[in-house]
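Structural features, examined
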Amino acid sequence: MIDPTAELRKRLASAPATAPATFIVPHTWPDLKNAEYEVLQRLSAAATNVGARMIAVDNDGYPLWSNDDFEFEKSARIDPRSVDFMICLHFESPRFLDVYSYYALWQPVEFYNVFGYEKSVEQMLTHTDCLSCRSDDADAHARNLFGGVREGFLEDIPVLFHSPPRPYLESTLSSESRLFYVGINWERINNERGRHHELLLRLNDDDLIDIYGPKVFQGVEPWRGFKTYRGELPFDGKSVVEAVNKAGICLALSSAAHQSSALMSNRLFEGLAAGAAVIANPNEFIDKYFSDIVYVVDDDCDELELYFQTRAIMDQIRANPAEARARAIEGQRRLDEAFSLERSIATIIAGHPGRHASYQSTCLSSGSVTVIIDYRGDAVWELEETLRDLVDQSRVDVEAVVVCSAAMAARHGEEMSALAEGSLKSVRVLAGRPLRSKPHHAADQASGFLSGLPSPKSFPTSKPTMSPSRASMNGGSPIIWAAWSRHSTASRMPISRSPERWKRRTSTEEPRSAPSETSTRSGSLEIPELSSTSG
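First, a word on scope: everything that follows refers to the structure included in this document. (Residues numbered from 1 in each chain as written. Predicted model: local features only at pLDDT ≥ 70, side-chain atom pairs only at ≥ 80, totals over all residues. Heavy atoms only, no water.)

Each helix and strand in the protein was counted, giving 18 helices and 19 strands. Scored against the burial criterion, the 535 residues of the protein give a buried share of 53%. In the protein, the proportion of contacts linking residues at least 24 apart, taken out of those at least 6 apart, comes to 71%. In the structure as shown, the protein presents an accessible area of about 23,700 Å², 50% of it carried by carbon and sulfur atoms. (Helix = DSSP H or I, 4+ residues; strand = E, 2+ residues; numbered from the N terminus. Buried < 20%, exposed > 50% of the residue type's maximum accessible area, 1.4 Å probe, protein only. Contact = heavy atoms within 4.5 Å. Areas by Shrake-Rupley, 256 points an atom, 1.4 Å probe, with all protein chains shown as cover.)

Rendered as structure tokens:
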């Protein structure tokens, strides 16, 4: 019989003990302490265990904290050059920095419809790559979407499971072991029948369960009247596992959406890491990987029958704790060999250079472009910053043409030409004077162009073609007119190699709360970023 975990064991067996790298993870809802925050804490601990740096950021790319307590300038976005890649845990967090980005396939397919399918998928497809949790449905959904929009999408998806980090805890199973449960009693919140409410009530009456969850939620005490309610647990990445270990038996009941997509919640992995016996309802994931470890109850029945099944399994475990402990120990060994968070992260880090190189060779093309920088100021550092942005572009030869005042060209022309020497194809500094109409400020407000250069009408807004005058000016390369603005908030200027995607734009402001993917607005042109500088 084929061991279904053999492939995962083999995949993670060669994971390096240490894997230095820096990666960022967005906290989708930074104002909340929730399950996503708990997972961030676990990723942080696992990164420390393998010698990597994990930086938690908000959805705009501003740093929140890191696993090594590195002191960040929190008023500035993370510099893409300082990180190796990004891992996104939810489709509500799109790719927002010009880095290679992995999207974790942890959400049941049904959830995309709950949040709005089209919007959810659009945000999902901003990412570069995926990470599998070994759900056939979730993986097939991702392959279909990414394969449809991206040439050369790699079918072999790396794995990342939402399991707790090491150390795992020694089993405490005994004849006195109790059930562990954590959650929200929704029947008290919205007056609708909660999931497994009657089961929890009967286990509470029998004093066989330890219940954890919020003391107050939306102004309601969801567990008021439950004598087995033990209070809240901090979202610190370890307290849940410690509480499961103390109880000895973990109740891991999947939602219908998780069952449909063959995805497990955190609870299974928490129970295994805690050395506990795990009682769960049917799930294909358990059938495939843990059928000999997990005690399964058939939930296709009424609540009373579900209670009797659960009570019978509890009696079995308490009557023979040695047998249950042996199952728990084997489950923990399997967790470490095939579903380890540390091994997954280390394997992703080790394989990242190859995946990045494959992405660049199959999805990106090389090219050349001329960028005309229309500068009206007198501060050389502003131009230096723009030229450094051009230097950061990858797989493209950039010829920069700086158009500025005669005084600016005389004072700093040689300095600017030398700044990017060896990094850019060339830097030319041309002097000119603004063409002004009456009143004089009208030209400036309309991003007027300098004398001696082609008029704005000769520059493309879509599908540009080379005219003789332009071809003689730049040797046939596409031209991007980058009108410098003192009001521009952009810090980088990614260059698209698909000129047909260029769009006219009138606004130069970019609000902090809703940044564009990685496009840069410069003057009246928006230049979309098509992953040309990823990683």
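Of note, the amide linkage connecting R166 to P167 takes the cis form, showing an omega dihedral of 5 degrees. Relative to the helices and strands, P167 is located in the loop between α5 (136–149) and β7 (178–182). Phi is positive for R134, which is not a glycine, with a value near 60 degrees. Structurally, the position occupied by R134 is in the loop between β6 (129–131) and α5. One non-glycine residue, D207, adopts positive backbone phi at about 55 degrees.

For any two helices packed against each other, one specifies the inter-axial angle together with the distance between the axes. Orientation of helix α1 (residues 6–13) relative to helix α13 (residues 321–338), taken along the N-to-C sense of each, is 55 degrees, at an axis distance of 7 Å. With respect to each other, α1 and α13 are oriented oblique. Between α1 and α13, the residues in contact are L8, R9 and L12 and R333, R334, E337 and A338, respectively. Residue composition of the contact of α1 with α13, grouped by class: 3 nonpolar, no polar and 4 charged. (Axes fitted to C-alpha atoms, helices over the stretch in contact; angles between N-to-C directions. Parallel < 35°, antiparallel > 145°, perpendicular 65-115°, else oblique. Nonpolar A, V, L, I, M, F, W, Y, C, P; charged D, E, K, R; others polar.)

Attention shifts here to the sheet that holds strand β5 (residues 101–104). Read across the sheet, 6 strands follow the order β3-β2-β1-β4-β5-β6 without closing on themselves; strand pairing throughout is mixed. Single-partner strands in this sheet number two, and they are β3 (63–66) and β6. Between one strand and the next, the sheet's axes are offset by a mean angle of 30 degrees, whatever the strand orientation. Bridging between strand β1 (residues 22–26) and strand β2 (residues 53–57) involves 5 bridges; their strand directions are parallel. The partner of T22 across the bridge, within β2, is R53. (Pairing = 2+ DSSP bridges.)

With that settled, the discussion passes to the packing of aromatic side chains. Inspection of the entire model under this criterion finds 23 aromatic pairs. With 6.2 Å between their ring centres and 50 degrees between their planes, F161 and F269 make a pair best called tilted. Note that F161 is positioned in the loop between α5 and β7 and F269 in helix α10 (residues 266–273), a separation of 108 residues in sequence. Judged by its relative accessible area of 0%, F161 falls in the buried class. Its relative accessible area of 0% is what places F269 among the buried residues. Judged by centre distance (5.3 Å) and plane angle (80 degrees), the ring pair of Y289 and F339 falls under edge-to-face. Here F339 lies in the loop between α13 and α14 (341–363) and Y289 lies in helix α11 (residues 284–289), a separation of 50 residues in the sequence. Judged on exposure class, the residue Y289 and its partner F339 are both buried. Through a chain of ring-to-ring contacts, the aromatic side chains of F161, F269, F285, Y289, F290 and F339 assemble into a single cluster. Here R53 stacks its cationic end above the ring of F70, 4.2 Å away from the centre of that ring. (Phe/Tyr/Trp six-rings, centres within 6.5 Å; stacked < 30°, edge-to-face > 60°. Lys NZ or Arg CZ within 6 Å of the ring centre and 35° of its normal.)

One pass over the structure, following the stated rule, counts 26 salt bridges. With a shortest N-O distance of 3.2 Å, R334 and E330 are connected by a salt bridge. Of this pair, R334 and E330 both sit in helix α13, 4 residues apart, roughly one helical turn. On the basis of relative accessibility, which here comes to 8%, the residue R334 falls in the buried class. Relative accessible area serves as the criterion here: at 23%, E330 is assigned to the partly exposed category. D374 is the partner of R376 in a salt bridge, and the nearest nitrogen-oxygen pair spans 2.8 Å. On the basis of relative accessible area, D374 is assigned to the buried category, the value being 3%. It is possible to trace a salt-bridge network through shared partners that takes in R9, D292, E330, R333, R334 and E337. (Salt bridge = Lys/Arg side-chain N within 4 Å of Asp/Glu carboxyl O.)

What follows deals with a negative patch on the surface. Residues D298, D300, D302 and E305 make up a contiguous surface patch of negative charge. You can see E305 is positioned in helix α12 (residues 303–319). (Patch = residues over 30% accessible without salt bridge, like charges linked within 9 Å, V, L, I, M, F, W, Y side chains within 5 Å. Lys, Arg positive; Asp, Glu negative; His and termini not counted. Charge placed at Lys NZ, Arg CZ, Asp CG, Glu CD.)

A word on α10. Burial analysis of α10 places 8 of its 8 residues in the buried class, the great majority of the element. Regarding α10, the residues found buried are N266, R267, L268, F269, E270, G271, L272 and A273.

Glancing now at helix α8 (residues 239–247). Judged by how many residues are buried, α8 sits mostly within the fold: 7 of 9 residues are covered. S239, V240, V241, A243, V244, N245 and A247 are the residues of α8 that are buried. Packed against the buried residues of α8 are α2 (35–50), β7, β8 (209–212), β10 (248–252) and α10. Downstream of α8 by one or two residues, G248 has phi in the positive range, about 105 degrees.

This part takes up the packing of α8 against α10. Remark: α8 packs on α10, axes separated minimally by 8 Å, with the N-to-C direction vectors making an angle of 60 degrees. The angle between the axes of α8 and α10 places the two elements in the oblique class. As for how α8 packs across α10, the hand of that crossing is right-handed. Contacts between α8 and α10 pair V240, V241 and V244 from the former with R267, E270, G271 and A273 from the latter. A breakdown of the residues in the contact of α8 with α10 according to their chemical character gives 4 nonpolar, 1 polar and 2 charged. (Left-handed = near helix turned anticlockwise from the far one by under 90°.)

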